[in-house]
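Observations on the model geometry
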Amino acid sequence: MTKDYTVEPARQFNVRDLFEMMSSLELTPPYQRSGDVWHPNARSLFIDSLANGFAVPTIYLHQFPKPDVKGARRITHAVVDGKQRLMAIKRFFENELALPGEFRFYEDSVGIERSPAAGKRYEELRGSGLLNVRTAILRAKIPVVEIRTSSDNTIRKMFRRLNSQGKLNAAEFRNSFPGEFPPMTWQTSNHEFMKETLAFDPRRYKHYDVAAKFLVLQANGPVNLRKSVIDAWAERFDPEHPEYHGAGLDAKIVQATSETLDRLQVWFREHAQNPVAKKDGTLIPIFLLASEDFRQTKRAEGATFVLFKLALDAALRVPPTERNQLRGEAPILFEFAGLQRRNEKTSFEARREILRRFATDYGPVDQIPEILGVSAKRLAELSRKPERNGS
């Protein structure tokens, strides 16, 4: 790509100036991680580092060509790298975060001892022995680099490079890809089935990870779902990629995936937030059946698969000493269970066919189907947890 950006030399900003600047900062641009990833202890330790003048990593900001006006706010920069550090500063100055309980202030002659500022919030840093800590934090310096460009793709590429050493999980990493793939996952994860039936916690983008898998499966059928496979396919939605998929394919795949999720929503509408949907072991083969527009006529599909999952869970609760006998009585459950931890094409195909067989031979909802080879009463007896003695 041609150079369409300028990276300014690092400048030293004091913490007070950075906090005052936050009203004009976009802390959560689309490529950023969602929410607070740092543990509260890590945030407190960062404030400790500022108070004691320890070196802290550089913050990278994208300076917009022109301000983005959002209501009364005039946004001039977005955070490319350093969001968690800035969130720690913000929380501290808003009195939502305290210094560590064992905080020591090394500027004092008694710095080896616990400081009276330990465990204090910003507004509590007043009076003898406290104001000097407050002043040290306000005046602490943080290096800041400003990047000037009008290209969103360029910023995404820089974000990926700055976070290439394991800071991001798979979904967060893909969310920074340039091109069409991030919007594809956003649209897919916004489907009613994803938001209401699966109802994933959006922190760290678990819903984007599942959406990416659905898109891959919809376009390619059963394939290995290793991170490297998904990433290589997703990267080709960048128009600058030498093996670009081609204009318009993104919309076709999103539409087809949406139609599959429509079927799943119908299947599971009465089983919202059920345990089937959140487990890749059953979710992926069920998605594959839905993507084929699979129909089974004896009973609603959602009830079929919920029953299978309940039977599977019951079988896996059976004590190991009883499993050999049950394995002979209900081989289909243990055949499926043995495949669940494998993220490979052949495993997905095998699990899909087991569920297809189960759904085709499905019996009454209040019984374990004959295909399992074991009665509901027998399964319940074997999986029942032994009662504890009252003594």
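Residues numbered from 1 in each chain as written. Predicted model: local features only at pLDDT ≥ 70, side-chain atom pairs only at ≥ 80, totals over all residues. Heavy atoms only, no water.

With 20 residues, helix α11 (residues 249–268) should reach 28 Å at 1.5 Å per residue; the first-to-last C-alpha distance of 29 Å fits that figure. All buried positions along α11 are accounted for by D250, I253, V254, T257, T260, L261, R263, L264, Q265, W267 and F268. (Helix = DSSP H or I, 4+ residues; strand = E, 2+ residues; numbered from the N terminus. Expected span 1.5 Å × (residues − 1). Buried < 20%, exposed > 50% of the residue type's maximum accessible area, 1.4 Å probe, protein only.)

For the pair helix α2 (residues 40–51) and helix α3 (residues 83–93), the least separation of the axes is 9 Å and the interaxial angle reads 85°. Classified by the angle their axes make, α2 and α3 are roughly perpendicular. Here R43, F46, I47 and L50 of α2 come into contact with α3, specifically with R85, A88, I89, R91 and F92. (Axes fitted to C-alpha atoms, helices over the stretch in contact; angles between N-to-C directions. Parallel < 35°, antiparallel > 145°, perpendicular 65-115°, else oblique. Contact = heavy atoms within 4.5 Å.)

In this section: the confidence of the model for the protein chain. Averaged over every residue, the pLDDT of the protein chain is 82; residues scoring 70 or more account for 82%. For residues 382–391, every residue scores under 50 in pLDDT, and the model assigns this stretch seven contacts once sequence neighbours within four places are set aside. (pLDDT = per-residue confidence, 0-100.)

What follows concerns the environment of V223. Structurally, the position occupied by V223 is in the loop between α9 (206–220) and α10 (227–235). A residue is classified by how much of its surface remains accessible, and V223, at 18% relative accessible area, is buried. As for V223 and K213, which are separated by ten residues in sequence, their C-alpha atoms are 9.8 Å apart. If we ignore the near neighbours within four places in the chain, the residues touching V223 are V216, L217, E344, K345 and F348.

An α-helix turns once every 3.6 residues. As a result, residues three or four positions apart point the same way. Over its twelve residues, α2 runs 17 Å from end to end, which matches the ideal 16 Å to within 8%, given 1.5 Å per residue. Among the residues of α2, those classed as buried are R43, S44, F46, I47, D48, S49, L50 and A51. Packed against the buried residues of α2 are α1 (15–21), α3, α4 (131–139) and β6 (141–149). Among the residues trailing α2, G53 stands out with phi positive, at a value near 70°.

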